[in-house]
Amino acid sequence: MTAADESVLITTERSGQPAERGWWRKAVVYQIYPRSFADSNGDGMGDIRGIIEHLDHIEKLGVDVVWLSPVYRSPQDDNGYDISDYQDIDPMFGSLADLDELIAGLHARGIRLVMDLVVNHTSDEHPWFEASRSSKDDPKRHWYVWRPARPGTVPGEPGAEPNNWGSIFSGPAWEYDERTGEYYLHLFTRKQPDLNWENPEVRRAVHDMMRWWVARGVDGFRMDVINFISKVDGLPDGEVHDGALFGNGFPFFAGGPRLDEFLAEINREVFGDDEEAVRFLTVGEMPGSTVEQAQLYTDPARREVDMIFQFEHMEVDEGPGGKFDPRPIHLPELKRSLARWQDGLAENGWNSLYWSNHDRPRAVSRFGDDSEEYREVSAKALGTVLHLMRGTPYVYQGEELGMTNTVLERIEDFRDVESLNYFREATEVRGQDPAEVLPALAYAGRDNSRTPVQWDDSSNAGFTAGEPWIAVTPNYRTINAAAQVDDPASVFSHYRELVRLRHELPIVSDGTLTMHLLDDEQVFAYSRALGDEGLLVLANPSGRPASVNASALGWTEGEVLLTNLPDGVPSLGAEVALRPWEAVAWRR
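Residues numbered from 1 in each chain as written. Predicted model: local features only at pLDDT ≥ 70, side-chain atom pairs only at ≥ 80, totals over all residues. Heavy atoms only, no water.

Describing the overall build of the protein chain
Piece 1. For the protein chain, the helix and strand inventory stands at 16 helices and 22 strands.
Piece 2. In summary, the protein chain has a C-alpha radius of gyration of 24 Å against a globular reference of 25 Å for 588 residues, a match within 12%.
Piece 3. With respect to the principal axes defined by its C-alpha atoms, the protein chain has extents near 75 × 55 × 50 Å.
Piece 4. Sequence-distant contacts in the protein chain: of pairs separated by 6 or more residues, those separated by 24 or more amount to 70%. (Helix = DSSP H or I, 4+ residues; strand = E, 2+ residues; numbered from the N terminus. Rg over C-alpha atoms; globule rule 2.2 N^0.38 Å. Contact = heavy atoms within 4.5 Å.)

Some words on the pairing of strand β7 (residues 174–177)
Piece 1. Bridging between β7 and strand β8 (residues 182–185) involves four bridges; their strand directions are antiparallel. Bridge assignment links Tyr176 to a residue of β8, and that residue is Tyr183. (Pairing = 2+ DSSP bridges.)

Quick notes on the confidence of the model for the protein chain
Piece 1. On average, residues of the protein chain carry a pLDDT of 94, and 97% of them reach 70 or more.
Piece 2. Low pLDDT, under 50, characterises residues 1–13; the predicted model gives this stretch 21 contacts beyond four residues in sequence or across chains. (pLDDT = per-residue confidence, 0-100.)

Looking at the packing of helix α5 (residues 200–216) against helix α7 (residues 259–271)
Piece 1. Contact pair α5 / α7: the axes reach a minimum separation of 9 Å and the direction vectors enclose 45°. Accordingly, the angle class assigned to the pair α5 and α7 is oblique. For the crossing formed where α5 meets α7, the hand is right-handed. Here Arg203, His207, Met210, Arg211 and Val214 of α5 come into contact with α7, specifically with Phe262, Glu265, Ile266, Glu269, Val270 and Phe271.
Piece 2. Here the residues of the contact of α5 with α7 sort into six nonpolar, one polar and four charged. (Axes fitted to C-alpha atoms, helices over the stretch in contact; angles between N-to-C directions. Parallel < 35°, antiparallel > 145°, perpendicular 65-115°, else oblique. Left-handed = near helix turned anticlockwise from the far one by under 90°. Nonpolar A, V, L, I, M, F, W, Y, C, P; charged D, E, K, R; others polar.)

As for the sheet that holds β8
Each strand in a sheet pairs with another by means of backbone hydrogen bonds, the pair being arranged parallel or else antiparallel.
Piece 1. Sheet architecture is open: three strands sit in the order β6-β8-β7, paired in antiparallel fashion. In this open sheet, the two strands that pair with only one neighbour each are β6 (146–147) and β7.

Let's talk about α7
Piece 1. With 13 residues, α7 should cover 18 Å at 1.5 Å per step; its first-to-last C-alpha distance of 18 Å lies within 8% of that length.
Piece 2. Buried residues of α7: Leu259, Phe262, Leu263, Ala264, Glu265, Ile266, Asn267, Val270 and Phe271, and no others.
Piece 3. Summarising the contacts, the buried residues of α7 are in contact with α5, β9 (220–223), α8 (274–277), β10 (281–285) and α9 (291–297).
Piece 4. Two residues or fewer past α7, Gly272 is found with a positive phi of approximately 80°. (Expected span 1.5 Å × (residues − 1). Buried < 20%, exposed > 50% of the residue type's maximum accessible area, 1.4 Å probe, protein only.)

A closer look at the packing of aromatic side chains
Piece 1. In total, this model carries 30 aromatic pairs according to the counting rule given.
Piece 2. When the centroid spacing of 5.9 Å and the interplanar angle of 75° are considered together, the rings of Tyr72 and Trp213 count as edge-to-face. Linking Tyr72 in strand β3 (residues 72–73) with Trp213 in helix α5, this pair joins segments that are 141 residues apart in sequence. With respect to class, Tyr72 is no different from Trp213; both count as buried.
Piece 3. Measuring from ring centre to ring centre gives 5.1 Å for Tyr176 and Tyr183, while their planes differ by 55°; the resulting arrangement is tilted.
Piece 4. Exposure remark for Tyr176: the relative accessible area of 26% places this residue in the partly exposed category.
Piece 5. Three or more aromatic residues joined by ring pairs form one cluster here, namely Trp165, Phe169, Phe188, Phe228, Phe250, Phe252 and Phe253.
Piece 6. Here the guanidinium or amino end of Arg35 rests over the ring plane of Trp469, the centre of that ring lying 4.7 Å away. (Phe/Tyr/Trp six-rings, centres within 6.5 Å; stacked < 30°, edge-to-face > 60°. Lys NZ or Arg CZ within 6 Å of the ring centre and 35° of its normal.)

Concerning the environment of Asn405
Piece 1. By secondary structure assignment, the location of Asn405 is in the loop between β15 (392–396) and α13 (417–429).
Piece 2. When its relative accessible area of 13% is taken as the criterion, Asn405 is described as buried.
Piece 3. Sequence separation of Asn405 and Asn475 is 70 residues, and the distance between their C-alpha atoms is 9.9 Å.
Piece 4. In contact with Asn405, not counting residues within four places along its chain, are Pro361, Arg362, Ser365, Ala442, Tyr443, Asn448 and Thr473.

Digging into the sheet that holds strand β2 (residues 65–68)
Piece 1. Taking strand neighbours across the sheet as the criterion, the eight strands line up as β11-β10-β9-β5-β2-β1-β15-β14 in an open arrangement whose pairing is parallel. Edge positions in the open sheet fall to β11 (307–309) and β14 (352–353), since each of these has one partner strand only.
Piece 2. Alignment of strand β5 (residues 112–117) against β9, held across three bridges, turns out to be parallel. Looking at the pairing, Asp116 lines up with Arg222 of β9.
Piece 3. In this fold helix α3 (residues 96–108) packs onto β2 and β5, with an angle of close to 140° to the strand it touches most, β5.

Topic: the environment of Ala550
Piece 1. Relative to the elements of secondary structure, Ala550 occurs in the loop between β19 (546–548) and β20 (559–563).
Piece 2. Sequence separation between Ala550 and Ile89 is 461 residues; the distance between their C-alpha atoms is 54 Å.

Quick look at the pairing of β15
Piece 1. Within β15, five of the five residues are buried, leaving the element largely enclosed by the surrounding structure.
Piece 2. Neither face of β15 is exposed, since Thr392, Tyr394 and Tyr396 on one face and Pro393 and Val395 on the opposite face are all buried.
Piece 3. Sheet analysis places strand β1 (residues 29–32) next to β15, joined by three bridges and oriented parallel. Of the residues in β15, the one forming a bridge with Val29 is Tyr394.
Piece 4. One ladder, built from two bridges, connects β14 with β15; its direction is parallel. In the strand pairing of β15, Ser352 is matched with Thr392.

With respect to the nonpolar core
Piece 1. Counting 90 residues, the largest nonpolar core has Leu99, Met115, Trp213 and Phe221 as the members making the most contacts within it.
Piece 2. Sort the elements by how many residues they give to this core and α5 lands first, with eight residues.
Piece 3. Leave out the neighbours within four places in its chain, and Met115 touches Leu68, Val71, Tyr72, Leu99, Trp213, Val218, Gly220, Phe221 and Arg222.
Piece 4. Ranked by size, the runner-up nonpolar core spans 50 residues in total, among them Leu281, Leu338, Ala339 and Leu501. (Core = buried A, V, L, I, M, F, W, Y, C linked by side-chain atoms within 4.5 Å.)

Details of the side chain of Ser449
Piece 1. Mapped onto the secondary structure, Ser449 falls in the loop between α14 (434–444) and α15 (491–504).
Piece 2. Within the structure, the side chain of Ser449 is placed 3.2 Å from the backbone oxygen of Asn357, a separation counted as a polar contact.
Piece 3. Those residues in contact with Ser449 that lie beyond four places of it in its chain are Asn357, His358, Asp359, Arg360, Arg362 and Tyr396. (Polar contact = N/O pair within 3.5 Å; in protein donor to acceptor, adjacent residues only side chain to side chain.)

Here we look at unusual backbone geometry
Piece 1. At Gln76, a residue that is not glycine, the phi angle is positive and equals roughly 65°.
Piece 2. In this structure, Gln76 sits in the loop between β3 and β4 (85–89).
Piece 3. Given the relative accessible area of 16%, Gln76 is considered buried.
Piece 4. Despite not being glycine, Trp581 shows a phi value in the positive range, around 65°.
Piece 5. By secondary structure assignment, the location of Trp581 is in the loop between β21 (576–578) and β22 (583–587).

Here's what the structure looks like:
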């Protein structure tokens with residue numbers, strides 16, 4: 001009997017959790033990257049039981065939802081985003097019984113569980129793909145995207161790929177399969193073949209699997225690169241940009257012609273009628289989406305997704321060469337991006353608010369100042385600016401502690417397939433000097449956010465009794481949960497207060513938002529309004545003093561709601577003096 005054949009307890013009551021429409025407007029989501037959260041058995045790898053052992057930490061923070069990155073069976077080519085069995089748990093993380101216990105533990109605390117779902121592609125070791133590649137006549141052949149070699153070429157030779165698309169993880173997006181003499185599409189690694197969503201059998205199988213998880217007690221899904229599931233017919237060649245090795249297929253596989261149809265179908269087939277669906281949370285990761293597209297995807301009347309992850313503000317430090325071609329962050333550009341999304345989804349739709357996740361560097365090292373002098377205050381400032389905006393905030397594990405980027409000096413320090421592939425292509429194909437490539441990888445690489453959570457100042461930060469799968473960030477003796485959870489002046493306590501304000505103040509969850517001083521290169525300012533109530537947020541995200549004319553913004557008085565520098569809070573008026581990294585919220 002397989003895990004998928006086991007009986008499933010149908011969870012009809014989800015303890016202590018509201019089911020009113022739009023409940024997630026007042027919610028805060030906490031993301032757990034399980035292999036780096038907590039290790040319960042000393043094998044150096046985080047696991048589900050490690051999460052269970054730290055549920056009190058999550059409850060004390062006050063969040064409403066846990067988003068769990070993949071724990072399904074996987075060869076781990078892309079750290080679990082290559083799934084070989086959607087209805088079982090990888091033994092490295094535990095068992096289905098462990099997950100059931102986690103769900104019960106979260107529900108007992110009034111916290112929902114959202115599972116990461118990766119259905120643009122599977123692992124090449126998934127039974128579906130093993131059947132698909134076995135023969136051109138196999139019933140599952142058309143469950144994946146197969147194409148013959150380009151006409152007039154020799155199959156398997158460079159340039160014979162069906163089109164010129166490059167993989168997101170370097171190299172061509174096609175892999176030649178000698179057994180059947182055709183290529184399969186993989187937008188990510190060659191071990192992550194893309195599913196063919198044009199095939200209704202694929203969609204039905206995905207719906208069945210999602211319903212199985214819902215029956216088990218899961219409260220929703222964060223759907224990985226879900227806007228890639230609809231490709232343009234014909235899969236045409238992409239434009240080859242200057243200096244690129246491959247064509248840009250993005251216009252032909254992102255936001256494709258049937259995406260809205262597929263998303264609405266998922267919602268309808270998995271979550272049922274509208275009254276039942278409101279209990280769940282659906283989040284679509286949608287790289288490259290525009291405000292106009294997001295207005296459609298998150299329109300409640302269309303029932304596609306509740307909110308999306310967009311990446312526009314994540315690209316403000318990327319040069320022409322992408323994330324590994326970094327440039328300084330220009331504050332007006334960042335503010336204009338956030339303002340564009342706040343304005344665009346003000347009347348209809350909803351924003352996801354985040355500074356970091358498992359794919360991005362640590363927030364305080366990227367957008368803040370991780371020096372000893374300013375790390376804590378800048379971490380609090382970033383939290384203040386984000387959490388008091390309109391939208392649903394996401395806290396990535398360790399962000400509530402002000403965890404920083406790690407130390408990555410040699411290629412041997414890296415674990416992430418994206419960084420390793422990029423380094424290989426840059427040095428071996430492009431001929432770049434490794435000394436020039438490594439600093440960019442150290443700044444923007446995904447390993448920065450995947451180092452173990454720093455629980456205390458003991459060996460390996462209390463993460464494991466064994467050898468961690470990736471080195472712990474060296475500053476764990478001073479930056480850790482044990483030192484912060486009971487300290488009212490800590491980053492953790494500041495984040496807990498931000499969560500409380502969202503729960504208790506309707507103006508935070510439902511008020512309108514107006515961005516101010518968009519061209520100011522030093523000050524971040526916005527106001528919220530709900531009825532007769534107002535909220536003003538001023539922040540100085542820099543290491544230099546700043547001054548703001550609050551009177552010109554219509555604010556001459558108000559009570560301090562929150563500050564990250566409690567000594568000597570500035571007064572409202574024509575000249576509000578803000579110290580480096582100071583952030584203050586006033587209410588009237």
